[in-house]
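Below, each chain spelled out in residue letters.
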Amino acid sequence: LSQNDSLGMYKGDVFFAASTKNYKRDLVLNYLKGKGNIIIVDDYLSPLDNSVKYSFPNVKVVKTDKNGLLNESELLSLLSKTAVNYVVLNTTDTNTIIKSTNLLLPQTRSYQIQLASFMTNTEMFSDKVSNKRYMVLKLILPVFEGAEFAQNNATKFKKSYTKKFGNAPTEDAVAGFDITFDALIRLSQTEQIDLLIDKKTKYVTIPFKYEKAKSNVYINQAMDIYQLVNENTYIRLN
């Protein structure tokens, strides 16, 4: 499993291989906590869980409408002149990202602003949004440990995949290989589940470091907070 935090009536052991939305959200907010003025641009279609206001009471929220538009004057009114403003995107909606960054870029002359996201680099980056605006706004986001250092493995995998199937694999295909291969390796072992959890693994791009979140739920917590420096380089912040 990857993104869905709701398990319904399922009673067996559950593994979230690509981490959950809530885990990534809390990872970012815990890193930013106490560092400055935190403002979340909240997606209309995928709003924040109500628990955020209890766990992070000082966080401010600007909600978008169903078209991905936000109240620009509201966002500007929440910026602080005396603290670093961390504007966190809880969305992958292209319209919201472009509108938000268009608004923030000229404000960097008057305010200290850093953009952040609850989404990983693969979720945020696309041909529809220039990475240059992310670099200017010093984008902070959760990234799988060492994802940018796994180029050798990724290159070898992509060459083999292309040779076999005639076209290069997508990012989802590469991630799917890692998740499937890791699951098969773990399921083929004879150890008890607790012993399997202790095993840290890494394949093409995704590392796996499972930890128990609650009674039967295990989340891949092999993620750190990174900042985008240029098109292909990140620096680890935590």
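Reading the values: rules and limits
Residues numbered from 1 in each chain as written. Predicted model: local features only at pLDDT ≥ 70, side-chain atom pairs only at ≥ 80, totals over all residues. Heavy atoms only, no water. Salt bridge = Lys/Arg side-chain N within 4 Å of Asp/Glu carboxyl O. Helix = DSSP H or I, 4+ residues; strand = E, 2+ residues; numbered from the N terminus. Buried < 20%, exposed > 50% of the residue type's maximum accessible area, 1.4 Å probe, protein only. Expected span 1.5 Å × (residues − 1).

Quick notes on the pattern of salt bridges
Phase 1: If you walk through the whole model with that rule in mind, you get five salt bridges.
Phase 2: In this structure, E123 engages K24 in a salt bridge whose closest nitrogen and oxygen atoms are separated by 3.1 Å. Taken as a pair, E123 in helix α5 (residues 121-124) and K24 in helix α1 (residues 21-32) lie far apart in primary sequence, 99 residues in all.
Phase 3: We classify E123 as partly exposed; its relative accessible area is 28%.
Phase 4: Where D42 meets K63, a salt bridge forms, and the shortest distance between an N and an O atom there is 2.9 Å. With D42 in strand β2 (residues 37-42) and K63 in strand β3 (residues 60-63), this residue pair connects regions lying 21 residues apart in the sequence.

With respect to the environment of N102
Phase 1: With respect to the element layout, N102 can be found in helix α4 (residues 94-104).
Phase 2: Note: C-alpha distance between N102 and R133 (31 residues apart in sequence) is 8.6 Å.

Focus: α1
Phase 1: An ideal rise of 1.5 Å per residue puts 16 Å on 12 residues; α1 measures up with 17 Å between its terminal C-alpha atoms.
Phase 2: Following α1 by one or two positions, G34 adopts a phi angle in the positive range, close to 85°.

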